[in-house]
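Each chain, written out:
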Amino acid sequence: MTTPAEARRIEQRSLRFGVGANAVMALAGFSAHVLTGSSALLLDGLYPPCWWGRP
């Protein structure tokens, strides 16, 4: 069984990984928009940051 401190540490590590993955996806989408001029790719690139900071 995990202690509350261990569970909190695991959750924090998972959250950091999720934020990093969302940042990479946002940069990839924005870069694709800049390279192609596609507004749909811009929307896709800006969608992940909308969820940053939400529980």
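Residues numbered from 1 in each chain as written. Predicted model: local features only at pLDDT ≥ 70, side-chain atom pairs only at ≥ 80, totals over all residues. Heavy atoms only, no water.

1. Some details on a nonpolar patch on the surface
A surface patch of nonpolar side chains, amounting to about 280 Å² of accessible area, comprises Phe30, Val34 and Leu46. Topologically, Leu46 is positioned in helix 2 (residues 39-50). A relative accessible area of 45% places Leu46 in the partly exposed class. (Patch = residues over 30% accessible without salt bridge, like charges linked within 9 Å, V, L, I, M, F, W, Y side chains within 5 Å. Areas by Shrake-Rupley, 256 points an atom, 1.4 Å probe, with all protein chains shown as cover. Salt bridge = Lys/Arg side-chain N within 4 Å of Asp/Glu carboxyl O. Helix = DSSP H or I, 4+ residues; strand = E, 2+ residues; numbered from the N terminus. Buried < 20%, exposed > 50% of the residue type's maximum accessible area, 1.4 Å probe, protein only.)

2. Description of the side chain of His33
Mapped onto the fold, His33 is located in helix 1 (residues 4-36). A relative accessible area of 19% means that His33 is categorised as buried. Ignoring any residue separated from it by four or fewer positions in sequence, one finds His33 in contact with Ser38, Ser39, Leu41 and Leu42. (Contact = heavy atoms within 4.5 Å.)

3. Description of the environment of Phe30
Within the secondary structure layout, Phe30 lies in helix 1. Counting along the chain gives 12 residues from Phe30 to Leu42, while the straight-line C-alpha distance between them is 5.4 Å. The residues touching Phe30, leaving out its near neighbours within four places in the chain, are Leu42 and Gly45.

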